[in-house]
Amino acid sequence: TLYSLKNEFTVRLSNAAKKEAEKLGVELKIYDGNYDPNTQINQVETMISDGVDAIILNPQDAKACAVCVDKAAAKNIPVIGVNTRVDSDKLTSYVGSKDEYAGQLEMQAIADKIGGKGNIVVLDGPLGQSAQLERSKGIKDILAKYPNIKILAEKTANWSRSEAMTVMENWLQSFDKIDAIVGENDEMALGAMQAVKSK
């Protein structure tokens, strides 16, 4: 179950998984979580009743989706977390990046670029998702060292290029001077960039 199939990254993830499963002769069924942890919990219940051998979980919400792991673990079905974390010690394994470190790297690069001072806006991922929480923490860790960098606005654009473009268009109308845009993923950054170029 992927948190959404309306996202460029998860569509690529889905396509790559299908290709690999075909190569390995593994039967793979992919579910669209539709940005909803309850949908994902129901999907995992369906997987368990269908008698799957393993579950790949790309959770929408780090806390709420822990139930998915509990339910599968109770039936001895391994759960592999991918790309976004879930708060469970019953997870079989996790494959993904160090999101807090990614947030630190990104914010430090921007702080360097604007000389440690200026006005920024921040595009968050889906609120409550591990990547959003951890990247935000990394960003805030670096910002703590730069009292002259001010966040004018912060809003989720759900990892979406089109949502980020709309949010950025609104910010461009609301603020006289934005020195930098912090996008917690590439798709949102590209959407914001498009809005800036159009303006």
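The following refers to the structure shown. (Residues numbered from 1 in each chain as written. Predicted model: local features only at pLDDT ≥ 70, side-chain atom pairs only at ≥ 80, totals over all residues. Heavy atoms only, no water.)

Some details on the sheet that holds strand β4 (residues 118–124)
The strand order β5-β4-β6 describes an open sheet built from three strands, whose pairing is parallel. A strand with exactly one partner marks an edge of an open sheet, and here the two such strands are β5 (149–156) and β6 (180–183). On average, each strand axis in the sheet is inclined to that of its neighbour by 20 degrees, with strand direction left out of account. Sheet topology places β4 next to β6; four bridges connect them, and they run parallel. Its bridge partner being in β6, V122 is matched across the sheet by V182. Seen against the sheet, helix α4 (residues 99–113) touches β4, β5 and β6 and runs at an angle of roughly 175 degrees to β6. (Pairing = 2+ DSSP bridges. Helix = DSSP H or I, 4+ residues; strand = E, 2+ residues; numbered from the N terminus. Axes fitted to C-alpha atoms, helices over the stretch in contact; angles between N-to-C directions. Contact = heavy atoms within 4.5 Å.)

A few points about the sheet that holds strand β2 (residues 79–82)
Spatially, β1-β2-β3 is the arrangement adopted by the three strands of the open sheet, whose pairing is parallel. A strand with exactly one partner marks an edge of an open sheet, and here the two such strands are β1 (55–57) and β3 (93–95). Averaged over all pairs of adjacent strands, the angle between strand axes in this sheet comes to 25 degrees, irrespective of strand direction. Two elements, β2 and β3, share three bridges in a ladder whose sense is parallel. Across the sheet, the residue bridging to I80 is S93, located in β3.

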